[in-house]
Amino acid sequence: MATYVLVHGAWHTGDLMAATAEPIRAAGHAVHTPTIAGNNPGDSRATTGLETAIASVADYITGANLRDIVLVGHSYGGMVITGVADRLAGRIARLVYWNAFVPNDGESLNSMVPLHYRALFDQIAAASGDNSVMLPYPIWREAFMNDADGDLAQSAFDQLNPHPYATFTDPIKLSVNPAEMQVAKSYINFTEDTALPHSHGWHPRLSEKLGLFRLVQRPGGHEVCFTNPEGLAEAIMAAGRD
Amino acid sequence: MATYVLVHGAWHTGDLMAATAEPIRAAGHAVHTPTIAGNNPGDSRATTGLETAIASVADYITGANLRDIVLVGHSYGGMVITGVADRLAGRIARLVYWNAFVPNDGESLNSMVPLHYRALFDQIAAASGDNSVMLPYPIWREAFMNDADGDLAQSAFDQLNPHPYATFTDPIKLSVNPAEMQVAKSYINFTEDTALPHSHGWHPRLSEKLGLFRLVQRPGGHEVCFTNPEGLAEAIMAAGRD
Amino acid sequence: MATYVLVHGAWHTGDLMAATAEPIRAAGHAVHTPTIAGNNPGDSRATTGLETAIASVADYITGANLRDIVLVGHSYGGMVITGVADRLAGRIARLVYWNAFVPNDGESLNSMVPLHYRALFDQIAAASGDNSVMLPYPIWREAFMNDADGDLAQSAFDQLNPHPYATFTDPIKLSVNPAEMQVAKSYINFTEDTALPHSHGWHPRLSEKLGLFRLVQRPGGHEVCFTNPEGLAEAIMAAGRD
């Protein structure tokens, strides 16, 4: 039985991983779903950067004294688990990237997205008053929730929170790049995930920065935590098993 | 309940969309399957160009006074629905491209296919006597009907009609390119569709010309109207819903 | 009813195709699963090159006087069936490449793999004493058996045999390249096959060297003969039918 730590993406909280955690627990594993600093209701968006975000998950893990972890990161969560793995290497059994960013030392999330996304985020953050970003609903509905009906797209959108933009623009500091990390690695790619356009997509463009890794692919969009949590749980266990 | 207009591809007629229309109607929607000018039995192949083809579908829509349409185009039908959307913008709720060409102003269908297809079509049209093209059976069987058995490949082939080649070579005239059209858009990609070779394929090469769009992907080849009409109907409804 | 000859990949034997052959036989076809020279227990790895390997399968076919064959090759087996098709064209009804190498005249298997694989193989062969290569277990487990659990990955690994490296480095001699061969062709692509990295993958990079071919795609990794032999058998029959 393994210990899974599921690290959510931008605009999400740990609570939104509950439906995914349930079938993994039912299979006998321990599952943790912390919320990254900057995404809790009361957190300051203005003052949270990538270092703070990474530290909050690392602190969660050392605070609970978790070991032999399968550490899963979704989307922006890939930035966070990469930083955590660099700091807490001895506690991690396997890294699992789920349609997630894979940074090398010095790279920011924004350095891996298309120019038109950066321009849009810059504009939204500038208008926010606290350097936070939200996703315009039409992009969420068409590019993130393409496998949902309109009601689910809307109800999921209503649960999102403004995201601290500095975590997208801060370059990550790593002592070693993911390909050289001495830990097992998996990449879960949902094949209809167009949160990044497929001409500039998740896999293999970002996944292959891991060096040797295990690919798990399933049908679905970027937000299977809403549209298919059972399928996501199955994929996570296929990615996380020995 | 929505109003679907299904626009067939080259060599096809509206009648060949009947098996796909049926489950969409059974789900409560209105479905129209007009035949594009140039593909009816008696139509002159020699004198039908892209403008005539587009006008025939636009006339069908205004003649029936259809509004709030989900306008679906297959393959060559992508040229036609793009032209119709430019002329009848106010009547279209969503454009759905199903393994379809997406032209910008001034582009022809032929400008989006590999050189060896153009050379083949030129040769066939020149030999036809009326500037029409047919698909050689081996290409139909292997590249279009790869998911069918031999009997279905042959019986479907027997229902095709010679296609007016000018509709492939005429550049389209648009006042605005698809990415800038103020209408919702979806792209349905069947993942084994090799009517275009995958190195020069439908998605994301052509789909991303839409700007923001909803991707729906399913297993199947180019001719799921024959090999899996129920699956195609399901995909069209997932692409067309709000 | 067709006659199938299934040609295994590197490190495998014909016996490992037994579970795949069974459902094809149950559907009424004749199935042969020869072992390529160099992969039998007693064969000399040091002295077996690509010509010897090809000749051994050609001899099997002429020895059993097989005709109208659907000749299927897996991975390295694509080198072998291409060579056999060039020598025994009159006996082959269709070539089926299953995540297999497609060589043109003068190409070696090694010329189609990433540089880091070649460097690794060179090193392993140099240390072997008989110019043979084995796959390190971590690569097998993560990149070849990504769709298996750990027990199956290990038990399958235990059945592999050292492979004669000259068959990877010898250029093939062909009188005609696959695209010009006058025989029907299919390519089966398992979509999670990362034995070649997807940025430098099987399909369409290698498949399109066939010219006109039938694509069959299914979910699964490189070693579906272990992880899903029934699904593989179904795919082979969809690729091999008229």
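If you're wondering where the values come from, they're calculated on a predicted model, not measured in any experiment. (Residues numbered from 1 in each chain as written. Chains lettered and ligands numbered in written order. Predicted model: local features only at pLDDT ≥ 70, side-chain atom pairs only at ≥ 80, totals over all residues. Heavy atoms only, no water.)

1. A few points about the interface of chain C and chain A
Next up, step 1: Tallying the contact residues gives 16 residues for chain C and twelve residues for chain A.
Next up, step 2: Between chain C and chain A, a total of about 1,100 Å² is buried, with carbon and sulfur atoms accounting for 49% of that surface.
Next up, step 3: Notably, a salt bridge pairs A:Arg214 with C:Glu142, separated by 2.7 Å at the nearest N-O pair.
Next up, step 4: At the surface where chain C touches chain A, the tally comes to eleven residue pairs in polar contact (both at pLDDT 80 or more).
Next up, step 5: Among the elements that make up the side of chain C that touches chain A, the one with the highest residue count is helix 5 (residues 137-144) of chain C (five residues).
Next up, step 6: Of the residues assigned to the side of chain C that touches chain A, the class counts are five nonpolar, six polar and five charged. (Contact = heavy atoms within 4.5 Å. Buried area = accessible area lost by both parts, 1.4 Å probe. Salt bridge = Lys/Arg side-chain N within 4 Å of Asp/Glu carboxyl O. Polar contact = N/O pair within 3.5 Å; in protein donor to acceptor, adjacent residues only side chain to side chain. Helix = DSSP H or I, 4+ residues; strand = E, 2+ residues; numbered from the N terminus. Nonpolar A, V, L, I, M, F, W, Y, C, P; charged D, E, K, R; others polar.)

2. Focus: the interface of chain C and chain B
Next up, step 1: Each partner contributes to the interface: chain C provides twelve residues, whereas chain B provides 16 residues.
Next up, step 2: Among the residues of chain C in contact with chain B, C:Leu212, C:Leu215 and C:Arg241 are the three that bury the most area, contributing 40% of the side total.
Next up, step 3: Counting the contacts that link chain C with chain B gives two salt bridges.
Next up, step 4: Viewed at the interface, chain B and chain C are joined by twelve residue pairs in polar contact (both at pLDDT 80 or more).
Next up, step 5: The greatest single-element share of the side of chain C that touches chain B, amounting to three residues, is contributed by strand 8 (residues 214-218) of chain C.
Next up, step 6: Among the residues forming the side of chain C that touches chain B, the class breakdown is five nonpolar, two polar and five charged.

3. Quick look at helix 4 (residues 115-128) of chain A
Residues and elements named next belong to chain A.
Next up, step 1: The end-to-end C-alpha distance of helix 4 is 20 Å, a good match for the 20 Å that 14 residues give at a rise of 1.5 Å each.
Next up, step 2: Those residues of helix 4 that sit buried are Tyr117, Phe121 and Ala125. Seen along its axis, helix 4 keeps its buried residues to an arc of 60°; they face one direction. Set apart from the buried face of helix 4 by more than 90 degrees, the exposed residues are Leu115, His116, Gln123, Ala126 and Ala127.
Next up, step 3: Looking at the buried residues of helix 4, the elements they touch are strand 5 (132-133), helix 5 (137-144) and helix 7 (166-169).
Next up, step 4: One or two residues past the end of helix 4 sits glycine 129, with phi positive at roughly 90°. (Expected span 1.5 Å × (residues − 1). Buried < 20%, exposed > 50% of the residue type's maximum accessible area, 1.4 Å probe, protein only. Arc of directions from axis to C-beta.)

4. Re the relation of the copies chain C and chain B
The operation linking the two copies of the chain is a rotation about an axis combined with a translation along the axis.
Next up, step 1: For the pair chain C and chain B, the best superposition has an RMSD of 0.0 Å and corresponds to a rotation of 120° with a translation of 0.0 Å parallel to the axis. Each copy turns onto its partner about a three-fold axis. (Least-squares fit on C-alpha atoms with pLDDT ≥ 70 in both.)

5. Let's talk about the environment of A:Val102
Next up, step 1: Within the secondary structure, A:Val102 is located in the loop between strand 4 (92-98) and helix 4.
Next up, step 2: If sequence neighbours within four positions are ignored, A:Val102 has contacts with A:Tyr97, A:Glu107, A:Met112, A:Pro178, A:Tyr187, A:Leu206, A:Lys209 and A:Leu210.

6. So, the environment of B:Leu196
All names here are of chain B.
Next up, step 1: On the secondary structure map, leucine 196 appears in the loop between strand 7 (184-190) and strand 8 (214-218).
Next up, step 2: Relative accessible area serves as the criterion here: at 1%, leucine 196 is assigned to the buried category.
Next up, step 3: Linking leucine 196 and alanine 58, residues 138 residues apart in sequence, is a C-alpha distance of 27 Å.
Next up, step 4: When neighbours within four sequence positions are excluded, leucine 196 is seen to be in contact with Phe101, Met112, Val113, Pro114, Gly201, Trp202, Arg205 and Leu206.

7. A word on the UniProt feature "domain: AB hydrolase-1" (unreviewed entry) in chain A
Next up, step 1: Look at the UniProt record and you will see "domain: AB hydrolase-1" (unreviewed entry) annotated at residues 5-235 of chain A.
Next up, step 2: A helix fraction of 34% and a strand fraction of 15% characterise residues 5-235 of chain A, whose end C-alpha atoms lie 15 Å from each other. (UniProt positions renumbered as here; feature names shortened; annotations may be inferred.)

8. A word on the environment of A:Glu142
Next up, step 1: Inspection of the secondary structure assignment puts A:Glu142 in helix 5.
Next up, step 2: Classification of A:Glu142 by relative accessible area gives buried; the value is 9%.
Next up, step 3: On a C-alpha basis, the gap between A:Glu142 and A:Glu192 in space is 11 Å, while along the polypeptide they are 50 residues apart.
Next up, step 4: Those residues in contact with A:Glu142 that sit more than four places away from it in its chain are A:Thr194, B:Arg94, B:Ala184, B:Leu212, B:Phe213 and B:Arg214.
Next up, step 5: Here the side chain of A:Glu142 touches B:Arg94 through a polar contact of 2.8 Å, side chain to side chain.
Next up, step 6: Side-chain polar atoms of A:Glu142 contact the side chain of B:Arg214, separated by 2.8 Å.

9. Thoughts on helix 1 (residues 18-26) of chain A
All names here are of chain A.
Next up, step 1: Restricting attention to buried positions, one finds in helix 1 the residues Thr20, Ala21 and Ile24. For helix 1, the angular spread of buried residues about the axis comes to 95°, placing them on one side. Looking at helix 1, the residues exposed on the side facing more than 90 degrees away from the buried face are Glu22 and Ala26.
Next up, step 2: Here the buried face of helix 1 lies against strand 1 (3-7), strand 2 (30-32), helix 8 (224-227) and helix 9 (229-240).
Next up, step 3: Two residues or fewer after helix 1 comes glycine 28, characterised by a positive phi angle close to 105°.

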